[in-house]
Structure formats: C-alpha cells, structure tokens
Amino acid sequence: MTLSLSDRADHITQAEIRVMTIECERIGGVNLAQGVCDLGVPPEVVEGTVEAIGQGVNSYTRYDGLRQLRQAIAEKLRLFNGLDVDAETEITVSAGSTGSFYCACLALLNPGDEVILFEPFYGYHVNTLLAAGAVPRYVTMDPPAWTFAASDLEAAVSPRTKGIMVCTPGNPSGKVYTREELQIVADFAREHDLFIFTDEIYEYFVYDGRTHLSPASLPSVRDRTIMISGYSKTYSITGWRIGYSVCESRWADAIGYVNDLIYVCAPAPLQLGVATGITRLGPSYYAALCDAFRRKRDLLCSTLADVGLSPMVPQGAYYVLADASRLPGCNSKEKAMHLLRRTGVASVPGDAFYESAAGRDLVRFCFAKAEAELEEARDRLRRL
Ligand code: PLP
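Moving on, we get to the sheet that holds strand β10 (residues 319-323). Strand order in this open sheet of 4 strands is β9-β10-β13-β12, and the pairing throughout is antiparallel. Both outer strands of the open sheet, β9 (311-312) and β12 (348-349), are each paired with one neighbouring strand and no more. Relative to β10, helix α11 (residues 283-306) is tilted by about 10°, and along the sheet it contacts β9, β10 and β13 (362-366).

Here's what the structure looks like:
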C-alpha cells in the first residue's frame, strides 16, 4: 500500500500535556499538567442555556453567531476592552477561540506566510499555523519578567512575514503585556504591514492590580488586529466551544465564510447561555473569579519556592513556569518525569513551549485546580 498521511498530519504530534496526563493517571498522582476551573458554571449561564433549549433554539444559527450573543459581546467589548465594534459585521462567533484562530489563519494566511510568535508559546498556536501551511518564527522572551526588545522583533521578520501573535495574558508565561510593549508590537506591525493576531482567552485572569489591555484598543492597529477570545475559561465551559474573533468587516467576512465551512456555527443554545451570562453577570463575578485564582496562584507559588523549584510568579492566566534546574535529567522531559515519579505531581516539560533550547530547565504547573488538590500537591512536592 502506498497510502500515507497528509504532510499536514505529519506535523501534528500528540501534545506533551496528554503524555504527562496519561502517565500521571497510571501512577495515581496529582495532575498539575492540565487544569480545568473547579468553580462551576455560573447559574445564569446554565439557566440561559436551558431556557434557550426550551424555547426551541436548537437549529443552525447565522454563520457568525446569534444576534443576541454578538450584541452582548459588543457591549462587553465596549465596557471591558474599550473597543467600539459593530455587532453586525465585525464579530464572528466560532467553536472556541481555537476555532476562531483556525478560521482566521485559513482566511488570512497563504501557505508559506510567516507568523511571529513569542516563546514560550501555547502549542496550539504553532500547530494551527502549521496546519494552515504557515511558518512560525520565534522571538524568545527573557524570564522572569518575559521581556523583549524591538530589535528582537526586527531579527525575526522577513519579506514573507504576514503576522504576529500576541497572547495576553500568556500561557504558559502568565505575561500581561504592558501598553509600552503593545506599542512596540503595534509600531512593528505597521512598519512591516503585518496582521496582529491576539489570544485574550485569559483576559479576566489578571493579578496584583494589573489590567488587561487589548492590542486592538491601540488606535493605530485596530484595522490590522484580529482579536480572539472566548468564554471557556471565564465561565468554566471549556467543553461548550464558544469563542469569537473581532476585526474589521473586510477580514471578518472571509473569517465568517471559513467558519461556516468548517463548523457551520457554534452550538445554538450554548450561544444564548453565554449571551445571558454576559448580560446578567456584573463586575463582582469577574472580581471574585480573579481573587479565587490569585489565592490558588499564591498557594502553588509558595509551595514551589519552598521546595526549591523557583516559580516565575505569573501576572495573569493560570499557569506557572518554575525553574527545574535542581532536578536531575538532561532535558525538561526527564526532569518532569523525575518529579512525577518522586512526588506523584505531574507538570509539563518546558521544552513543549519552546522551539529553542530555553525551556530545558523549566516545567509548567497549572493551578486551575480545587484548593484541596493544590494542598495535596504541596504535601507531595515536599517529598523532594
Ligand atoms: N488559548 C490559550 C492560550 C489557552 O491556554 C487555551 C486553553 O488552554 C485556549 C486558547 C483554548 O481556548 P478555547 O477553549 O476557547 O478554544
């Protein structure tokens, strides 16, 4: 037989996170490789969904989402992100932010186009670009503050570069980009005529008085920014697959057609459930969410500091990269495996987030876990 996989499928390897999860389950450990919010779905979101099903909202929706959800998102963008957006033409609801990014890539990138990513990166960004035939280029940020210079961007650009990705707050770094940093990215994108793709899925998870800033809110790049976000994390509904992109209609039209082709639409009643949540939940919900995750962050980071795995305390999102140089092993995989065997706590090897060798001495922990689980992890990590 001469049948084979596509070149595309050859690129897509099983995520390291799944490998660690399987190994952790095998030994009955505590899985900090992967997390899901334990706070539960807000009742308003559940009620809105149940009402929608009862009222017969069970068919295909318009390809870019139900009007009620697009309008709710537009209002949220105005109040929270400082963006004035046309709900009719500039918002495309998709199957999670993952779906939104995939549709944006297919609509806006040609095979061979290069897109700059900051590393440490979120693996789906790389793999989505590869699946679209695009070529990722990397700019390595310096820990612990995950800084970069304008000259780093210049070193990564080429005549084939068509975009740059900004994930703020970042997974796995927890980096919350400052206005100054976003201005550097904006000036760079304008000078080289690039799209700015954003991933703002953790926009409500920011700590220590920081605020989330949407790159699209910088007026000079509003026209070239494809903002992407969603409700998986904010409402603990990772399995519902509700995300969205926001951009000028000349891009949104094409993104919408691709969305129609791949997903037809996001699940109809779940769209209304999220719309109900956005409309009914006030600022106190988001403040409590943030506070709960800050406590979890502090619990995990103080544990890691105690056992000599120095944490790079995250400014946002719900992951922490820790310095694993004291663990035996030639690379981050061996170090993470040592930690798992010795303590029963699973992490993700830092190399999973880097193309360069800079992840060799890092491991990533997730603190989107019940407090009891984080305490169990603390007790186990003390065995080090
Ligand atoms: N973007 C980042 C940075 C993530 O960490 C994740 C999930 O871990 C996602 C996107 C997935 O979002 P969604 O469920 O909206 O596809």
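So, next bit.
Around the ligand lies a shell of 13 residues, among which Ser97, Thr98, Asp199, Ser232 and Arg241 are the nearest. The separation between an oxygen atom of the ligand and a polar side-chain atom of asparagine 171 is 2.8 Å. One nitrogen or oxygen atom from the side chain of lysine 233 is found 2.8 Å from an oxygen atom belonging to the ligand. With the chains in place, 91% of the 400 Å² that the ligand exposes on its own is no longer accessible. Per element, the largest residue contribution to the shell around the ligand is 3 residues, and it comes from helix α5 (residues 96-108). Of the residues assigned to the shell around the ligand, the class counts are 5 nonpolar, 5 polar and 3 charged.

This part covers the pairing of strand β3 (residues 114-119). Of all 6 residues making up β3, 6 are buried, and the element is well covered by its neighbours. With burial as the criterion, each face of β3 is covered, one bearing Glu114, Ile116 and Phe118 and the other bearing Val115, Leu117 and Glu119. Where β3 and strand β4 (residues 135-140) come together, 6 bridges link them in parallel fashion. Counted as the bridge partner of leucine 117 is tyrosine 138 from β4. Pairing of β3 with strand β5 (residues 161-167), which is carried by 4 bridges, proceeds in the parallel orientation. Residue isoleucine 116 lies in a different strand from β5, and its bridge partner there is isoleucine 164.

Parameters at a glance
Residues numbered from 1 in each chain as written. Predicted model: local features only at pLDDT ≥ 70, side-chain atom pairs only at ≥ 80, totals over all residues. Heavy atoms only, no water. Pairing = 2+ DSSP bridges. Helix = DSSP H or I, 4+ residues; strand = E, 2+ residues; numbered from the N terminus. Contact = heavy atoms within 4.5 Å. Axes fitted to C-alpha atoms, helices over the stretch in contact; angles between N-to-C directions. Near = heavy atom within 4 Å. Polar contact = N/O pair within 3.5 Å; in protein donor to acceptor, adjacent residues only side chain to side chain. Areas by Shrake-Rupley, 256 points an atom, 1.4 Å probe, with all protein chains shown as cover. Nonpolar A, V, L, I, M, F, W, Y, C, P; charged D, E, K, R; others polar. Buried < 20%, exposed > 50% of the residue type's maximum accessible area, 1.4 Å probe, protein only.

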